[in-house]
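Each chain, letter by letter, is given below.
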Amino acid sequence: DLADAPVPIDPGLKSLVTVAAQECPGASQCRFGDECLAERALDRARSAQVVVTNIDLYCLDLTLGGGLLGEHDAVIVDEAHELEAIASRTLGLELGRRRFGWLAGQLRGLLVSGSDEPARLDRVGEHLHAALTPFAGKRVDPAGPDVAGVLAAADDAVAGVVDVLRQLPDTGVAERDGRRPRCLQAASSLLTDLRTARTPPAGQVAWVPEGNEAVLHLAPVDVAPALTTLMHAKRTTILTSATLSVGGSLEPLAARLGLAEHRRVLRVASPFDYRNQALLYCAAHLPDPRRAGADFDAAAIEELAALVGAAGGRTLALFTSHRMLRLAAEALRSRFPWTVLVQDGPPSPGLIEQFRDDEQACLLATMGYWQGVDVPGPSLSLVAVDRIPFPPLRDPLLDARREAAREGGRTPFEVVDLPIAATLLAQGAGRLIRSTTDRGVVAVLDPRLARASYRPAILASLPRMRRVIDGDEVRRYLAALAAERSPEPAAP
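Described in the following lines is the structure provided in the data block. (Residues numbered from 1 in each chain as written. Predicted model: local features only at pLDDT ≥ 70, side-chain atom pairs only at ≥ 80, totals over all residues. Heavy atoms only, no water.)

### Considerations on the overall build of the protein chain
So, point 1. When its secondary structure is counted, the protein chain shows 21 helices and 13 strands.
So, point 2. Its C-alpha atoms give the protein chain a radius of gyration of 25 Å, near enough to 23 Å, the size a compact globule of 492 residues would have.
So, point 3. Overall, the C-alpha framework of the protein chain stretches about 75 × 50 × 50 Å when taken along its three principal axes.
So, point 4. The contacts in the protein chain between residues at least 6 apart in sequence include a share of 72% that link residues at least 24 apart.
So, point 5. The centroid of the 54 positive side-chain charges in the protein chain is displaced by 3 Å from the centroid of its 62 negative side-chain charges. (Helix = DSSP H or I, 4+ residues; strand = E, 2+ residues; numbered from the N terminus. Rg over C-alpha atoms; globule rule 2.2 N^0.38 Å. Contact = heavy atoms within 4.5 Å. Lys, Arg positive; Asp, Glu negative; His and termini not counted. Charge placed at Lys NZ, Arg CZ, Asp CG, Glu CD.)

Laid out in structure tokens, this is it:
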């Protein structure tokens, strides 16, 4: 399991030892089918009475009509606030030059020397990359003049590859070791995605995310109809999470997940006494981050350093940008003797373990650590958040959802942005109290939590902690906790 590797795995290396769903020909057409770990797990799942899997694989099973995990009468989705984002990704597609390049590389070892199909695939992949690059961070019209011609050329090239592969004899080494079936599966999947992208279904949006690699993404603006048809209408669905409500209401999430009707709600009280176990501190004296720019950054880092010093380390600091993460890491490392762990890449179980084992360490991280981090006990007294985590305004998929809300007569901010920010902030705050004996502070350095008109909706989404805006009171509280937990005095 690569997720448990002690070091980050380079994408190039990962591609050598894994097979994507678009490439897998199935157990019956692969000489490793009988010993494949994934196929063994799926076989067990199909005959089991209870199957535990992740939301990504379950959504993939939905799109395949239940062909992976087998028939079932009920599904329980934990952390169901993630279902919308994962379903969007699974129900959509991605097209980039790497898919063409991978297929070209496989064909070079399969076709006779001098075949022009691999070089043609490489060319159309590069042409697609060049055509998509100007749209980075923007929506794109696949039928528009800038992209349509490239997609059509790619369609012709991949269709030619499919024809060639089908004409190859189904005997010999390439058949026995699975190369031909794997290439045919990958080419057929790529061709299907190309044709979908050329004429997107109604209600889908196409865009190119920001980044070095220009990739065309296609996803449904609204996943509710698909979830209703593929999931809720076929079985009993139970959605559970500590952060399903926004402003105390389940309506926003229920509508987005296709549960506007025929649902029952059970609210289960938390086992934690938040009012006596935790403080919610808002640094109301700091400048507005929307206007202050560098002044806010400097003030927020000073505030964070004072809180970390009072807590004697023991801090999980969550940031909405890598820039603030780097600034804070530099500042804390220069001031304190404690270990300052900094996220570098995807969430790492090893990094979290280091933080848990070193009682005075600080862990600084971005979005990947806002949920799923479980560090009960004396290693965590302070969860600090630099800003209310509103989604980026330039996200093309979310922009399409804002547009749909506006067309439906609803307020985009209330339908799209506020639920995401409230849910993510609640998830971040939930990292603090993980047992009945934990105590500490959730510090939000964004003064909008104390002033903005949407403040009640966000506060109603958070655990019911005692609220404080007096920084001196919070630092005294953290220092007292630090004194209890360590014979050494906290840093000034």
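### Digging into the pairing of strand S11 (residues 382-385)
So, point 1. Residues Leu382 and Ala384 of S11 are buried on one face, and the alternating residues Val383 and Val385, pointing to the opposite face, are buried as well.
So, point 2. In this structure, strand S8 (residues 315-318) lies alongside S11, joined through 4 bridges in parallel fashion. If you follow Leu318 over to S11, its bridge partner there is Val385. (Buried < 20%, exposed > 50% of the residue type's maximum accessible area, 1.4 Å probe, protein only. Pairing = 2+ DSSP bridges.)

### Here we look at the nonpolar core
So, point 1. Counting 40 residues, the largest nonpolar core has Leu316, Phe355, Tyr369, Val442, Ile458 and Leu462 as its most contacted members.
So, point 2. Elements represented by at least two residues in this core include exactly strand S7 (278-282), S8, helix H16 (349-357), strand S10 (362-365), S11, helix H18 (412-429), strand S12 (440-444) and helix H20 (455-461).
So, point 3. Counting residues per element, this core draws most heavily on H18, at 7 residues.
So, point 4. Residues Leu103, Leu121, Ala157 and Val162 belong to the second largest nonpolar core, which totals 39 residues. (Core = buried A, V, L, I, M, F, W, Y, C linked by side-chain atoms within 4.5 Å.)

### Section: the sheet that holds S8
So, point 1. In space, the 7 strands of this open sheet follow the order S9-S10-S8-S11-S12-S7-S13, with parallel pairing throughout. Looking at which strands have only one partner, the edges of the open sheet turn out to be strand S9 (340-342) and strand S13 (466-468). Adjacent strand axes in the sheet meet at a mean angle of 20°, parallel and antiparallel pairs treated alike.
So, point 2. Note: S9 against S10, 3 bridges, orientation parallel. (Axes fitted to C-alpha atoms, helices over the stretch in contact; angles between N-to-C directions.)

### Observations concerning the sheet that holds strand S4 (residues 204-208)
So, point 1. Judged by pairing direction, the sheet is antiparallel, and its 4 strands sit side by side in the order S2-S5-S4-S3 without closing on themselves. The sheet is open, and its two edges are formed by strand S2 (93-95) and strand S3 (138-139), each paired on a single side.
So, point 2. Inspection of the sheet shows S2 paired to strand S5 (residues 216-220) by 3 bridges, in the antiparallel sense. The residue bridging Leu93 from the neighbouring strand is Leu218, located in S5.

### Notes on a positive patch on the surface
So, point 1. A grouping of Arg275, Arg455, Arg464 and Arg467 is seen on the molecular surface, where their side chains present a positively charged patch.
So, point 2. On the secondary structure map, Arg275 appears in helix H12 (residues 274-277). (Patch = residues over 30% accessible without salt bridge, like charges linked within 9 Å, V, L, I, M, F, W, Y side chains within 5 Å. Areas by Shrake-Rupley, 256 points an atom, 1.4 Å probe, with all protein chains shown as cover. Salt bridge = Lys/Arg side-chain N within 4 Å of Asp/Glu carboxyl O.)

### Section: helix H4 (residues 83-91)
So, point 1. For H4, the full list of buried residues reads Leu83, Glu84, Ile86, Ala87, Ser88 and Thr90.
So, point 2. In this structure, the buried side of H4 is in contact with helix H3 (55-63), S5, helix H10 (224-232), strand S6 (236-240), helix H11 (251-256) and helix H17 (396-407).

### Points about the packing of H4 against H10
When two helices pack together, their arrangement is given by the angle between the helix axes and the distance between those axes.
So, point 1. The contact between H4 and H10 brings their axes to 11 Å, and the two run at 90°. If you check the angle between H4 and H10, you find them roughly perpendicular. Between H4 and H10, the contacting residues are Leu83, Ala87 and Leu91 on the first element and Ala226, Leu227, Leu230 and Met231 on the second.
So, point 2. Taken together, the residues that form the contact of H4 with H10 break down as 7 nonpolar, no polar and no charged. (Parallel < 35°, antiparallel > 145°, perpendicular 65-115°, else oblique. Nonpolar A, V, L, I, M, F, W, Y, C, P; charged D, E, K, R; others polar.)

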